[in-house]
Amino acid sequence: MSKRTITLTNRAPVTIDEDNWPTIAEATDSEHDGEVECQATRKSKWSVRVRKHSDGRAIVYATYSYDTNWRNARCYSAKRGILVASGGDLVAAIREVCDDIAYAECDEEDAERWPTLAAECIANLPAEELD
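This write-up is about the structure you can find in this document. Every chain is numbered independently, its residues counted from 1 as its sequence is written. Totals for whole chains, interfaces and linings use every residue, but because this is a predicted model, local features are given only for residues with pLDDT of at least 70 and side-chain atom pairs only at 80 or more, for both listing and counting. The basis for every side-chain value is the complete set of heavy atoms in the structure, and neither hydrogens nor water enter the calculation.

### Some points on the packing of aromatic side chains
Here is step 1: Two rings from Phe, Tyr or Trp (for Trp, the six-membered ring) form a pair when their centres are within 6.5 Å of each other. A pair whose planes differ by under 30 degrees is stacked, one over 60 is edge-to-face, and the rest are tilted. For the coordinates displayed, the defined rule picks out 1 aromatic pair.
Here is step 2: Considering the side-chain rings of W46 and Y64, the 5.6 Å spacing of their centres and the 50° angle between planes classify their relative orientation as tilted. Residue W46 is located in strand β4 (residues 42–52), and its partner Y64 is located in strand β5 (residues 58–68); the two are separated by 18 residues in the primary sequence.
Here is step 3: Classification of Y64 as buried rests on a relative accessible area of 1%. Each helix is a run of DSSP H or I of at least 4 residues and each strand a run of E of at least 2, with the numbering of both proceeding from the N terminus. Only protein chains enter the area calculation, which uses a 1.4 Å probe; residues under 20% of their type maximum are buried, those over 50% are exposed, and those in between are partly exposed.

Here it is as structure tokens:
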């Protein structure tokens, strides 16, 4: 069993068993300066994921990291997440988490990525079956 600790917004982190909370949707992005990532002096990574338990509960969480080798520049990371009750609105939860991390922790340029990532993650949710 693989355990994962997930940071949530305004509450203590949670630890889950990844086998019991599979990822049902995600969207990621990254960028770096230069041609080769391993030689980059600056790197940014964005990620939003939805994990769902068989009882219907879900966790929506996002992470952002900025690493730099520039002198006197600050590296940082941000994490946000919410626990969604069974039957809760996952689309609203994805938007909320992405909006929160975008405007709380990112500069303007990096914040612009979050609406696109939210839309991609929503599009990756399991399809709703209609009659």
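Back to the text.
### Focus on the pairing of β4
Here is step 1: Strand pairing is assigned whenever DSSP identifies at least 2 bridges connecting the two strands. Pairing of strand β3 (residues 23–32) with β4 involves 9 bridges; the strand directions are antiparallel. Within the sheet, the bridge partner assigned to S30 lies in β4 and is K45.
Here is step 2: Pairing between β4 and β5: 11 bridges, direction antiparallel. In the sheet register, S44 faces β5, and the bridge partner there is Y66.
Here is step 3: Between the antiparallel neighbours β4 and β5 lie 5 residues, among them G56 with a positive phi of about 100°.

### A closer look at the side chain of H53
Here is step 1: Topologically, H53 is positioned in the loop between β4 and β5.
Here is step 2: Within the local environment of H53, its side chain forms a polar contact with the backbone nitrogen of D55, the two atoms lying 3.0 Å apart. For the purposes of these results, a polar contact is taken to be a pair of N or O atoms within 3.5 Å, where, inside protein, one atom must be able to donate a hydrogen and its partner to accept one; residues adjacent in sequence count only when each atom of the pair is a side-chain atom.

### Comments concerning the sheet that holds β3
Here is step 1: Taken together, the 4 strands give an open sheet; going across it, the order is β3-β4-β5-β6, and neighbouring strands pair in antiparallel fashion. Each having just a single partner strand, β3 and β6 (76–84) make up the two edges of the open sheet. If you compare each strand with its neighbour and ignore which way they point, the axes differ by 5° on average.
Here is step 2: Summarising the sheet, β5 and β6 pair through 9 bridges and their orientation is antiparallel. By the bridge assignment for β6, I59 is matched with L83. For helices, the fitted line uses only the C-alpha atoms of the stretch in contact; every axis is such a line through C-alpha atoms, and the angle between N-to-C directions lies from 0 to 180 degrees.

### Thoughts on the nonpolar core
Here is step 1: Buried Ala, Val, Leu, Ile, Met, Phe, Trp, Tyr and Cys residues form a nonpolar core when they are joined through side-chain atoms within 4.5 Å. In this structure, V48, V50, V60, I94 and W114 are the most contacted members of the largest nonpolar core, which totals 27 residues.
Here is step 2: Of all the elements in the fold, those that place two or more residues in this core are β3, β4, β5, β6, α1 (90–105) and α3 (114–123).
Here is step 3: Ranked by residue count, the leading element in this core is α1, at 7 residues.
Here is step 4: Core analysis: the second largest hydrophobic core is formed by 7 residues, I6, L8, V14 and Y61 among them.

### Focus: the side chain of D17
Here is step 1: Looking at where D17 falls in the secondary structure, it is placed in strand β2 (residues 14–17).
Here is step 2: No salt bridge forms around the buried D17; measuring N to O, its nearest opposite-charge neighbour K3 is 5.0 Å away.
Here is step 3: By definition in these notes, contact holds between two residues if any of their heavy atoms fall within 4.5 Å. Setting aside its immediate chain neighbours within four residues, D17 contacts M1, S2 and K3. The positive count covers Lys and Arg only, the negative count covers Asp and Glu only, and His and the chain ends enter neither. Within this document, salt bridges are pairs made up of a side-chain nitrogen of Lys or Arg and a carboxyl oxygen of Asp or Glu, the two lying within 4 Å of each other.

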